[in-house]
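Chain and residue survey
So the chains spell out like this:
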Amino acid sequence: MSAVLLRLACTAAVAAQAVLAPVPAVAEPAPPRSVSQLLTDLQALYRQTEEATESYNATAERLKRQRAEVTRLDGELTRARLALQGGRRDAGRLARQQYQNSSDLSPYLRLLLARDPQHALDEGHVIGRLSRERAETVDQLTGAERKRDALARAARKALDEQLTLTGKQRRQRDDVTARLGDVERLLASLTPEQLAAVAALERTGVAEAQQRLTASGALGDDKPPSGEGDRAVRYALSQVGKPYQWGAQGPASYDCSGLTSQAWGHAGTPIPRTSQEQWARLPKVPLNRLRPGDLVVYFPGATHVALYVGGGRVVQAPRPGERVEVTPLASAPVLGAVRPDDPPRGVPPEAGSRPAAPR
């Protein structure tokens, strides 16, 4: 039987088995989800996506630093190898000199047999100095070899770490892509009426959360911004309308921490790249002492951040599919706030504000 006929026969057999196989029972369709449940599901997916995005950003920052470290170590290793080559040339030259000036007579006998003892003594001092130089050269050569070996080990370790981080970043990128796919599939499954209802319910929830936050007195009156804070606010507001894109730091698009880090960088105060690092490393400030330019951090894991602009509002890159916009501060559950440029006096690191009531 020819190969073509054999493949056709196999295909026919498989098709026959499929026809004769029992038909599985059809699963009951899932009950339709309420608008509230749809909003909850969407918010959970967005939050998971942002968590994955900030993890990716943190790894990207570590990878950037690691690449710089690999480059630095490679440069030092190159210089150490060149120094070692020069040391070996010096050692070879001294070895040749020692061989050419070698004698079976000890320096003491040469002194006794010399016609001019003073000249022999002077020559002995020169020989002693040359001997010390040889010893120093050998010591330097040994030290250079040890340094070369240590740098080679450090460079290999740094390169291994870089490769590990590259693999981790690739996995995290795939994780973000998968979670974005989940969001897109859920949105694609909704009718226009459901999408409008979900959006309206979300706006209502934000308005109610903002009202509760204001009524609680947690915000207080705005304090005047610092010069750098004012510049950070003006930069962030100038980005309004640009699209959210995970991992982006401008100038065409941003994610949440990309916007805040770039705003403060343009104001003259570089800050950490990710929302988690901004929360962990910058001084905490209570919400009732907020001033424009401060950063408002959201969710228990510090996975979202926005920049306070005053009047109970923030500018932020909210999530995939959205654009940089000004929103109420309580657009998500608040973890606390930090101030990049001027730590408040007498406020310990743990004395950030209490989280706002979740909506």
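Residues numbered from 1 in each chain as written. Predicted model: local features only at pLDDT ≥ 70, side-chain atom pairs only at ≥ 80, totals over all residues. Heavy atoms only, no water.

**Brief notes about helix H6 (residues 227–238)**
Taking 1.5 Å per residue as the helical rise, H6 with its twelve residues ought to reach 16 Å, and the 17 Å between its terminal C-alpha atoms agrees with that figure. Within the span of H6, buried status applies to Gly229, Ala232, Val233, Tyr235 and Ala236. For H6, the buried positions fall inside an angular range of 165° around the axis, keeping them on one side. In this fold, the buried residues of H6 make contact with helix H7 (256–267), strand S3 (304–310) and strand S4 (313–316). (Helix = DSSP H or I, 4+ residues; strand = E, 2+ residues; numbered from the N terminus. Expected span 1.5 Å × (residues − 1). Buried < 20%, exposed > 50% of the residue type's maximum accessible area, 1.4 Å probe, protein only. Arc of directions from axis to C-beta. Contact = heavy atoms within 4.5 Å.)

**Here we look at the nonpolar core**
Counting 24 residues, the largest nonpolar core has Trp264, Leu295 and Leu307 as the members making the most contacts within it. Where this core is concerned, the elements lending two or more residues are H6, H7, strand S2 (295–298), S3 and strand S6 (334–338). Among the elements that make up this core, the one with the highest residue count is H7 (five residues). For Leu295, the contacting residues outside a window of four places in its chain are Thr260, Trp264, Ile271, Gln278, Leu282, Val305, Ala306, Leu307, Gly336, Ala337, Val338 and Pro340. Judged by nonpolar contacts, the second largest core, of 17 residues, contains Leu287, Leu290, Tyr308 and Leu329. (Core = buried A, V, L, I, M, F, W, Y, C linked by side-chain atoms within 4.5 Å.)

**Observations regarding the pattern of salt bridges**
One pass over the full model with this rule turns up eleven salt bridges. In this structure, Asp174 and Arg173 form a salt bridge, with 3.5 Å as the shortest nitrogen-oxygen distance. For Glu277, the salt bridge identified is with Arg281, shortest N-O distance 3.8 Å. With a gap of four residues between them, Glu277 and Arg281 both fall in helix H8 (residues 275–281), about one helical turn apart. Ionic contacts of the salt-bridge type, sharing partners, join the residues Glu202, Arg319 and Glu322 into one network. (Salt bridge = Lys/Arg side-chain N within 4 Å of Asp/Glu carboxyl O.)

**A closer look at unusual backbone geometry**
In this structure, the amide linkage connecting Gly250 to the following residue, Pro251, adopts the cis form with an omega of 0°. Topologically, Pro251 is positioned in the loop between H6 and H7. With phi around 70°, Phe299 is a residue other than glycine that occupies positive phi space. Of note, Ala302 is a non-glycine position whose phi angle comes to about 55°, a positive value. Examined against the element boundaries, Ala302 turns out to sit in the loop between S2 and S3.

**A short note on the confidence of the model for the protein**
Of all residues in the protein, 70% have pLDDT values of 70 or greater, and the mean over the chain is 76. Of the regions scoring below 50 in pLDDT, residues 1–21 engages in one contact with residues more than four places distant in sequence or in other chains. (pLDDT = per-residue confidence, 0-100.)

**Brief notes about the sheet that holds S4**
As a general point, the strands of a sheet are linked pairwise by backbone hydrogen bonds and lie either parallel or antiparallel. Overall, antiparallel pairing links the six strands, which are arranged S1-S6-S2-S3-S4-S5 in an open sheet. The sheet is open, and its two edges are formed by strand S1 (284–285) and strand S5 (325–328), each paired on a single side. Set on the sheet, H7 makes contact with S2, S3 and S4; between it and S3 the angle comes to about 50°. (Pairing = 2+ DSSP bridges. Axes fitted to C-alpha atoms, helices over the stretch in contact; angles between N-to-C directions.)

**Here we look at the packing of aromatic side chains**
Taken as a whole and assessed by the stated rule, the structure comprises one aromatic pair. When the ring of Tyr56 is compared with that of Trp246, the centres are 4.9 Å apart and the planes differ by 80°; the resulting orientation is edge-to-face. Of this pair, Tyr56 sits in helix H2 (residues 35–100) while Trp246 is found in the loop between H6 and H7, placing the two residues 190 residues apart along the sequence. (Phe/Tyr/Trp six-rings, centres within 6.5 Å; stacked < 30°, edge-to-face > 60°.)

**Overview of the environment of Val314**
Secondary-structure assignment places Val314 in strand S4. You can call Val314 buried: its relative accessible area is 0%. Not counting residues up to four positions away in its chain, the partners in contact with Val314 are Val296, Tyr298, Ala306, Leu307, Tyr308, Val309, Glu325, Val326, Thr327, Pro328 and Leu329.

**A closer look at the side chain of Ser226**
The topology assignment puts Ser226 in the loop between helix H5 (192–215) and H6. One polar contact links the side chain of Ser226 to the main-chain amide nitrogen of Gly229, over a distance of 2.9 Å. Excluding anything up to four places from it in sequence, Ser226 contacts Arg291 and Asp341. (Polar contact = N/O pair within 3.5 Å; in protein donor to acceptor, adjacent residues only side chain to side chain.)

**Concerning the environment of Tyr254**
Relative to the helices and strands, Tyr254 is located in the loop between H6 and H7. With ten residues separating them along the chain, Tyr254 and Tyr244 place their C-alpha atoms 5.1 Å apart. Reaching out from Tyr254, the side chain makes a polar contact with the side chain of Gln239 at a distance of 2.9 Å.

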